[in-house]
Amino acid sequence: MKPGYPKVVPPADRPLIRRTGVRILVVADDEVLLIQDRDLGVPGSSWWATPGGGVDPGESFLSAAVRELWEETGIEAVESQLVGPAYRRLVAHGYSDRVLCQAEEFFVLRTTRVMPQPQGLTDSEIAKRIEARWWPLSDLPPQVRPAKLVEILAGGLGAGQPELELGECVVELTPEQLAQVNDVFSAFLASSR
């Protein structure tokens, strides 16, 4: 772990980071695998999210999904096992040290229920992780990311034009940061047409 972590940055000074990312909805029968994380700079914060992360330079969304799945859960998959993209979104996450604007693609993996055993977490990911567990789709915990998880699995949202989502923020964004997020989203949408 880096010295000085967690680093809490005053709201107006939090850097805006842009990246592409993947999320994997791992489903076994009527359960979904979720990971509980926290923002160490915001005591008491926590949320549940699907496995996933950033796409490395030169990496496809599918290969990133396979890699992230292995790193975060230890589940081995090949690209042909992943269905999708099942959903696309542009999302802003506000944290105590940064604002992350991410263009995400979601994939679905139907598998057997296994206990997750992470294989490649960074020190900061280890510090932020609380637990990983299977949840019944009919009884999801509060603070689930994405909020539309059940709808994505039902196939009702599709993977057309990305949806814009704001609201998965641990800390409030300043008006200037909201304007920056809007600019990032507008530029992304213009480039994807």
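Residues numbered from 1 in each chain as written. Predicted model: local features only at pLDDT ≥ 70, side-chain atom pairs only at ≥ 80, totals over all residues. Heavy atoms only, no water.

## A word on the overall build of the protein chain
Within the protein chain, the regular secondary structure consists of four helices and nine strands. Listed by position from the N terminus, the elements making up the protein chain come as β-β-β-β-α-β-β-α-β-β-α-β-α. Looking at the protein chain as a whole, 45% of its 193 residues are labelled buried. A separation of at least 24 residues holds for 73% of the contacts in the protein chain among residues at least 6 apart in sequence. Split by element, the accessible area of the protein chain, about 9700 Å² in all, is 52% carbon and sulfur. (Helix = DSSP H or I, 4+ residues; strand = E, 2+ residues; numbered from the N terminus. Buried < 20%, exposed > 50% of the residue type's maximum accessible area, 1.4 Å probe, protein only. Contact = heavy atoms within 4.5 Å. Areas by Shrake-Rupley, 256 points an atom, 1.4 Å probe, with all protein chains shown as cover.)

## Let's talk about unusual backbone geometry
Peptide bonds are, in most cases, trans, and in most cases residues other than glycine have a negative phi. Pro 85 follows Gly 84 through a cis peptide bond whose omega is 15 degrees. Structurally, Pro 85 is set in strand E5 (residues 83–94). Look at the link from Arg 145 to Pro 146: it is a cis peptide, with omega at 5 degrees. Looking at the element boundaries, Pro 146 is found in the loop between strand E8 (144–145) and helix H3 (149–154). Phi angles above zero are rare outside glycine, and Gln 143 is one such case at about 60 degrees.

## Looking at the pattern of salt bridges
Summed over the entire model, instances satisfying the criterion amount to eight salt bridges. The salt bridge partner of Arg 113 is Glu 31, with a shortest N-O separation of 2.6 Å. Taken together, the residues Arg 113 in the loop between strand E6 (99–110) and helix H2 (123–128) and Glu 31 in strand E2 (residues 31–37) connect sequence positions 82 residues apart. The partly exposed category is assigned to Arg 113, whose relative accessible area is 47%. On the accessibility criterion, Glu 31 (17% relative accessible area) is buried. One salt bridge in this structure joins Glu 104 and Arg 89, with 2.4 Å as the shortest N-O distance. Placement of Glu 104 in strand E6 and of Arg 89 in strand E5 is noted, with a sequence separation of 15 residues between them. A residue is classified by how much of its surface remains accessible, and Glu 104, at 3% relative accessible area, is buried. (Salt bridge = Lys/Arg side-chain N within 4 Å of Asp/Glu carboxyl O.)

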